Amino acid sequence: MDEDALSRDDVIGKVCLTRDTLAAHPKGFSGWAHLTEVDPDEEVQGEIHLRLEVVPGPRARRLLRCSVLEARDLAPKDRNGASDPFVRVRYSGRTQETSIVKKSRYPRWNEMFEFELEEGAAEALCVEAWDWDLVSRNDFLGKVVFNVQKLCAAQKEEGWFRLQPDQSKNRRGEGNLGSLQLEVRLRDETVLPSGCYQPLVQLLCREVKLGTQGPGQLIALIEETTSTECRQDVATNLLKLFLGQGLAKDFLDLLFQLELGRTSEANTLFRSNSLASKSMESFLKVAGMRYLHGVLGPIIDKVFEEKKYVELDPSKVEVKDVGCSGLHRPQTEAEVLEQSAQTLRAHLAALLSALSRSVRACPAVVRATFRQLFRRVRERFPSAQHENVPFIAVTSFLCLRFVSPAIMAPKLFHLRERHADARTSRTLLLLAKAVQNVGNMDTPASRAKEAWMEPLQPTVRQGVAQLKDFITKLVDIEEKEELGLQRALSLQAPPVKEGPLFIHRTKGKGPLMSSFKKLHFSLTTEALSFAKTPNSKKSALIKPANIRAAEKVEEKSFGSSNVMQLIYEDDAGKPQTVYLQCRCVNELNQWLSALRKVSIGNPGLLGSYHPGVFRGDKWSCCHQKDKSDLGCDKTRSRVTLQEWNDPLDHDLEAQLIYRHLLGVEPALREKHRELSAGTEAGSVLTGPGGAPEDPLAQLLQVLRDLQEAHRSSPASSPPSEPSCLLELQT
């Protein structure tokens, strides 16, 4: 799209990837895809409810009866956010049409048409939906085509049919509109009942508890057999699994020990993309993101708001970008460099000061993990010449893999809604470089890379002292204090999602456009609360256990886009609806996703709902007059997965780990044969009941059992619309 501030956004082109295309790339589609022209006749959506029958007619002839019942989620073709739909049914040269339903995307017709069947006729029955326009030509809404011979054999068919586009037109040549670089992966996963994964989870947990003293070293074997390209996924899945079992700190400690055991040079420690590095990155995002927002958020906001021109590299200074320092005289290059250095020194000092004050705000499990890392590194490199190595080990994760990436790409860490412009990006990059120099403890090697960073050296040197003092206090946490902090935090349910929303009040006969108010909302697993400001006292609005549906609202309902509705039961058990407006479509989808996640296990979730509002004496979406009508559209359960603030799903993580281990099973079997060859006569030790004591043999057996469970699971047979996980990166 091409964004326009005043008029409607313009369409540039589209990329369409079919399910078959994605299925042909099990490891994911990656590459440049040509944009193609967007034809309105291809941009269709929604479903139509039809009943098709072959019935006896006069003079021993047969009739084809087509009942057009209703449709839902049709494309909005008119400026009012709706359409004026009618249906055209064509067969054997004859055409019949339904009545027109005005201003509705959820029309109901309940009209019937009959056609005389000709023996052996091969012509298809075509049902087309159109949007009626008084002045211009009618707009195409989609079609469904039926094989009449198959209908004759079946005699009757009824159901909801997805409307298909009209692709009969010639396309413009690809490549004229530009290209998009995409990475897309589609995975179908069947998650079994929790009990099926218990042997796998228990085996992995036992290995983590035993640590480096364990006989099987399964974690080390998993790392050894995991390729670089999927190491991040495996690290995230393992980390979330152990986080749910309360063993995240022990898992990371084991990885620290494994990496320290194979590292001889202190300056290469944790610099590779090992399982330890990737797991620690995931851990900080899952457990430390709110902490990061508290420390870094105000500094990032200030950089975005100031929009100052900042540049330290003399070869890149552009005086014309800065403007004038006085009424007439433009700034010199030296003045630009000095002013830029002052700005960066101020930002860096503010960041280091905020970090120094944040020891108590850091989550207990993060502090305890850094304590283990600090101790392990100090034990491995105890000499005086390696005095800074334990500090650098901590900063390699905290600064280089967490704070610096967040500074350079704040949108990816949910610190900002939009990416920075070129000027702000340069400021953020220079600030991130300064933070990296502090994190490297201002080593000569880091100073030598870019000599023009020298003006920041006084602040960097002061920052090194501040950071060392901060780390000393950060890792000074005893087991008793850690447990106490964890208990205190566990009493407060962490927010799943929070931010400003506009709440629409219901007045009189229906919601009014003007009846909304901006409030700060916070969603936890215990309540959806609101307050006037982020720091004001919160008032509980809805308990997640009472939510029955979270869905979008038609744009025409309020004359506004990005509105959602939350259908819930009040304390008296009566159904209620609250309407909430979000700032943008991304925010809308994030809130819908969060609300569905916290209510996914609720009893009594609705199967249908009204995407409109009840205004006057009818629903605005389908024009039904019964306010208690069940609904004209089906509810949805789609969510965005693998966000840092996702509620933990132990079974899904176990399934993803099983899927990975199944992929590397040949390598694990080969490793087992090598290990078995070293034992006497190549035999495998067995315990009571003939179960193998060797952890690797146990793991291979667990994988076989899970494979068999998947084969015998009813969910393993492909449904008409399989549940899937779609990952998209632009």
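Residues numbered from 1 in each chain as written. Predicted model: local features only at pLDDT ≥ 70, side-chain atom pairs only at ≥ 80, totals over all residues. Heavy atoms only, no water.

### Remarks on the overall build of the protein chain
Counted only if it meets this: Starting at the N terminus, helices and strands are each numbered in turn, a helix being any DSSP run of H or I of at least four residues and a strand any DSSP run of E of at least two. Here, Shrake-Rupley sampling with a 1.4 Å probe gives the accessible areas, and only protein chains in the shown set may cover a residue.
From N to C terminus, the protein chain includes 19 helices and 22 strands. Counting only carbon and sulfur atoms, one obtains 51% of the accessible surface of the protein chain, whose full area is about 37500 Å².

### What to know about the pattern of salt bridges
Put simply, the rule reads: Just to be clear on terms, a salt bridge is a Lys or Arg side-chain nitrogen sitting within 4 Å of an Asp or Glu carboxyl oxygen. Burial classification: accessible surface area is computed with a 1.4 Å probe over protein chains only, and a residue below 20% of its type maximum counts as buried, one above 50% as exposed, and the rest as partly exposed.
Going through the model one piece at a time under the given rule, you end up with 40 salt bridges. Glu116 is the partner of Arg61 in a salt bridge, and the nearest nitrogen-oxygen pair spans 3.4 Å. Remark: Glu116 occurs in strand β6 (residues 108-116) and Arg61 occurs in the loop between β2 (47-56) and β3 (62-72); sequence separation between them is 55 residues. Exposure remark for Arg61: the relative accessible area of 34% places this residue in the partly exposed category. Taking the relative accessible area as the measure of exposure, Glu116 reaches 35% and is therefore partly exposed. Across the salt bridge formed by Arg345 and Glu338, the nearest N and O atoms sit 3.3 Å from each other. Residue classification places Arg345 among the partly exposed residues on the basis of a relative accessible area of 23%. Connected through salt bridges with shared partners, the residues Asp73, Arg105, Glu554, Asp633 and Arg636 form a single ionic network.

### Quick notes on the environment of Met453
Selection criterion: Whether two residues are in contact is decided by their heavy atoms, any of which lying within 4.5 Å being enough.
On the secondary structure map, Met453 appears in the loop between α12 (444-449) and α13 (457-474). Sequence-wise, Met453 and Ala434 are 19 residues apart; in three dimensions their C-alpha atoms are separated by 7.9 Å. Sequence-distant contacts of Met453, defined by excluding residues within four places in its chain, comprise Leu312, Leu430, Lys433, Ala434 and Asn437.

### Focus on unusual backbone geometry
In this structure, Ser92 is a non-glycine residue whose phi angle is positive, near 50°. Notably, Gln155 is not glycine yet its phi reads approximately 70°, a positive angle. Inspection of the secondary structure puts Gln155 in the loop between α2 (148-154) and β9 (156-162).

### Description of helix α9 (residues 364-380)
Every α-helical turn comprises 3.6 residues, leaving residues that sit three or four positions apart pointing alike. Which entries qualify depends on this criterion: By this rule, a helix spans an expected 1.5 Å times one less than how many residues it contains.
Relative to the 24 Å expected for 17 residues at 1.5 Å per residue, α9 spans 24 Å between its end C-alpha atoms, a close match to the ideal helical length. With respect to burial, α9 is a largely interior element, twelve of its 17 residues being buried. Every buried residue of α9 is accounted for by Ala364, Val365, Val366, Arg367, Ala368, Thr369, Phe370, Arg371, Gln372, Leu373, Phe374 and Val377.

### Observations regarding the state of the cysteines
When the sulfur atoms of two cysteines share a covalent bond, that bond is a disulfide. The line we're drawing: Only a pair of cysteine sulfur atoms within 2.5 Å counts as a disulfide in this structure description.
Under the counting rule described, the total for this entry stands at zero disulfides. The thiol of Cys622 is not disulfide-bonded; the next cysteine sulfur, from Cys632, is found 3.8 Å away.

### Structural notes on the sheet that holds β9
Definition in use: Strand pairing requires that DSSP identify at least two bridges connecting the strands. Only the stretch in contact is used when a helix axis is fitted, and all axes are lines through C-alpha atoms; the angle between N-to-C directions ranges over 0 to 180 degrees.
Spatial strand order, β6-β3-β2-β9: four strands in an open sheet with antiparallel pairing. The outermost strands of the open sheet, each flanked by one partner alone, are β6 and β9. Between one strand axis and the next, the sheet turns through 20° on average, direction left out of account. In the sheet, β2 pairs with β3 via ten bridges, with the strands oriented antiparallel. Considered in β3, the bridge of His49 is made with Glu70.

### Details of the nonpolar core
Spelled out, the test is: Nonpolar cores were defined as sets of buried Ala, Val, Leu, Ile, Met, Phe, Trp, Tyr and Cys residues, with membership established by side-chain atoms within 4.5 Å.
In terms of nonpolar packing, the biggest core is built from 107 residues, with Phe370 and Ile407 touching the most fellow members. Here this core gets 14 residues from one element, more than from any other, and that element is helix α7 (residues 275-306). In this view, Phe370 contacts Met280, Leu284, Val394, Phe397, Leu398, Leu474 and Val475; residues no more than four positions away in its chain are not counted. Within the second largest apolar cluster, 29 residues are counted, among which are Leu52, Ala75, Leu117 and Phe146.

### What to know about the packing of helix α10 (residues 389-408) against helix α11 (residues 422-439)
To keep things clear, this is the line we draw: In this scheme, roughly parallel covers angles under 35 degrees and roughly antiparallel covers those over 145, while 65 to 115 is roughly perpendicular and the rest are oblique. Residues are sorted three ways: Asp, Glu, Lys and Arg are charged, Ala, Val, Leu, Ile, Met, Phe, Trp, Tyr, Cys and Pro are nonpolar, and all the rest, Gly among them, are polar.
Their axes nearest at 9 Å, the elements α10 and α11 cross at an angle of 175°. When the interaxial angle is binned, α10 and α11 end up roughly antiparallel. Of the residues in α11, those touching α10 at Ile392, Thr395, Cys399, Leu400, Val403, Ser404, Ile407 and Met408 are Leu428, Leu429, Leu431, Ala432, Val435, Gln436 and Gly439. Residues that form the contact of α10 with α11 fall into these classes: eleven nonpolar, four polar and no charged.

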